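Fold and geometry: a report
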Amino acid sequence: MKYLRTGLLAAAGLTAAFSGVLMHIVTKPRRMSMEQSLAREKERDCYGDYDDYDREPLEIVMEDGYLVHGVLLKRPGNKYVIITHGYTDTRLGSLKYAHIYYRKGYNVCIYDLRHHGENADAFCSMGNRESRDIVTIAKYFKDRFGADIVLGLHGESLGAASSILALGQYSGFDFCVSDCGFADLGKLLEYLCAVRIHLPGKLSHLASLASHVRYRYRLDKIRPVDVFSGEIRTPVLFLHGEADVFIPPEHGRMMYAAAGEKKELVLFAGAGHAQSYLSDRERYERVVGEFLEKYV
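What you see is a predicted model; the values in this text were computed from it and never measured.

Criteria and cut-off values
- Residues numbered from 1 in each chain as written.
- Predicted model: local features only at pLDDT ≥ 70, side-chain atom pairs only at ≥ 80, totals over all residues.
- Heavy atoms only, no water.
- Pairing = 2+ DSSP bridges.
- Helix = DSSP H or I, 4+ residues; strand = E, 2+ residues; numbered from the N terminus.
- Axes fitted to C-alpha atoms, helices over the stretch in contact; angles between N-to-C directions.
- Salt bridge = Lys/Arg side-chain N within 4 Å of Asp/Glu carboxyl O.
- Core = buried A, V, L, I, M, F, W, Y, C linked by side-chain atoms within 4.5 Å.
- Buried < 20%, exposed > 50% of the residue type's maximum accessible area, 1.4 Å probe, protein only.
- Contact = heavy atoms within 4.5 Å.
- Polar contact = N/O pair within 3.5 Å; in protein donor to acceptor, adjacent residues only side chain to side chain.
- Phe/Tyr/Trp six-rings, centres within 6.5 Å; stacked < 30°, edge-to-face > 60°.
- Lys NZ or Arg CZ within 6 Å of the ring centre and 35° of its normal.
- 1 Å grid on protein atoms, 1.4 Å probe; cavity = no way out; pocket = protein on both sides within 12 Å on 5 of 7 lines; lining within 4 Å.
- Points joined across faces, edges and corners; volume = space filled by probe spheres on them.
- Nonpolar A, V, L, I, M, F, W, Y, C, P; charged D, E, K, R; others polar.

**Some points on the sheet that holds strand 4 (residues 107-111)**
Read across the open sheet, the 8 strands follow the order 1-2-4-3-5-6-7-8; overall the sheet is mixed. Bordering the open sheet on either side are strand 1 (55-61) and strand 8 (263-268), each of which pairs with just one other strand. Across the sheet, the axes of successive neighbouring strands diverge by a mean angle of 20 degrees, strand direction being ignored. Sheet topology note: the strand 5 (residues 150-156)/strand 6 (residues 175-179) ladder contains 5 bridges and is parallel.

In structure tokens form, the structure reads like this:
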């Protein structure tokens with residue numbers, strides 16, 4: 001019995017340690033510096049005329065007191081869009097999309113997700129808190145510029161999933177563009193556990209147990225696709241690269257199938273994760289523009 005008890009305790013300890021490691025991998029991604037991000041966007045020729053834009057620094061306090069840094073690219077008129085970057089990126093990664101909206105007369109908000117960019121080191125909640133942050137930013141603009149402004153969302157990867165989750169929390173959005181977001185984080189983590197670290201996918205749920213103990217929420221309960229089970233009338237454009245092996249295009253198809261009547265799905269052949277714009281810039285801008293003309 002003594003050896004059995006010792007073995008069980010050792011197994012429990014190893015399981016707890018492994019769960020914590022998996023959770024840390026997910027919720028504490030590497031932080032790209034603003035300098036690294038700037039160099040990358042210039043190398044990709046995505047920086048554009050950013051220096052010539054009318055810019056206002058933003059510091060917005062979230063509902064839990066966390067300070068988020070961003071920039072408002074200002075234009076005349078009452079059209080606004082909040083662009084949310086992806087996992088491990090910074091707000092400068094949103095510039096490629098910001099130029100599209102700026103040229104169309106939108107005031108553009110680009111900002112750093114919590115634990116990213118210029119924000120304080122924290123943890124990434126994979127959409128749990130990030131979606132609420134988007135709602136806080138939206139209410140900030142509504143309070144500052146008027147309840148009647150046109151206000152849309154554009155998100156990439158984690159930013160896309162967070163934007164979809166925000167639709168379920170706030171009815172004040174006029175459109176949403178979701179680029180390569182995940183539909184079900186539990187299924188995505190199972191897939192990544194299997195293909196990236198070559199372990200049984202079900203083991204990924206240990207990270208969810210650890211996040212529940214540490215942060216009081218489960219990673220595998222984050223399901224943006226469930227937002228569409230409610231009465232979401234916001235028009236949504238789903239974009240996804242057909243060659244995406246990080247968040248497979250099935251996630252985009254799943255959300256498109258669940259969404260309401262005002263929806264479109266556009267796939268980009270040969271494009272990897274968060275590469276749709278880079279694979280065909282002209283088509284990407286045309287697709288977004290046609291969507292805005294149709295629904296906004």
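**Details of the pattern of salt bridges**
Applying the stated rule across the entire model yields 22 salt bridges. One salt bridge in this structure joins Asp64 and Arg129, with 3.0 Å as the shortest N-O distance. Note that Asp64 is positioned in the loop between strand 1 and strand 2 (67-73) and Arg129 in the loop between strand 4 and helix 4 (130-145), a separation of 65 residues in sequence. In this structure, the salt-bridge partner of Asp220 is Arg218, at a minimum N-O distance of 2.7 Å.

**With respect to the nonpolar core**
One finds Ile82, Met126, Phe141, Ile164, Leu167, Phe173 and Phe182 to be the most contacted residues of the largest nonpolar core, which totals 57 residues. The dominant element in this core, judged by the number of residues it contributes, is helix 5 (residues 158-167), at 6 residues. Apart from the residues within four sequence positions on either side, Ile164 is in contact with Cys176, Ser178, Pro224, Val227, Phe228, Val236, Phe238 and Met255.

**Quick look at the side chain of Asp112**
Mapped onto the secondary structure, Asp112 falls in the loop between strand 4 and helix 4. A polar contact of 2.6 Å, which involves the side chain of Asp112, links it to the side chain of Arg91. In contact with Asp112, other than residues within four places in its own chain, are Met34, Val68, His69, His85, Thr90, Arg91, Gly117, Glu118 and Asn119.

**Regarding the packing of aromatic side chains**
Summed over the entire model, instances satisfying the criterion amount to 20 aromatic pairs. Taken together through their ring pairs, the aromatic side chains of Tyr47, Tyr50, Tyr53 and Tyr102 make up a single cluster. Sitting above the plane of the Tyr66 ring, Arg114 keeps its charged end 4.7 Å from the centroid.

**Brief notes about the layout of surface pockets**
Considering only enclosed or pocket space, the largest pocket measures out at about 390 Å³ in volume. Forming the boundary of the largest pocket are 19 residues, of which Ile25, Val26, Leu189, Leu192 and Phe246 lie nearest the centre. At the level of secondary structure, the elements contributing two or more residues to the lining of the largest pocket comprise helix 1 (2-27) and helix 6 (185-196). In terms of residue count, helix 6 provides more of the lining of the largest pocket than any other element does, 6 residues in total. Along the lines of polarity and charge, the residues of the lining of the largest pocket split into 16 nonpolar, 2 polar and 1 charged. A volume near 250 Å³ is recorded for the second largest pocket. Forming the boundary of the second largest pocket are 14 residues, of which Arg40, Tyr87, Thr88, Asp89 and His273 lie nearest the centre. Looking at the lining of the second largest pocket, its residues break down into 4 nonpolar, 5 polar and 5 charged.

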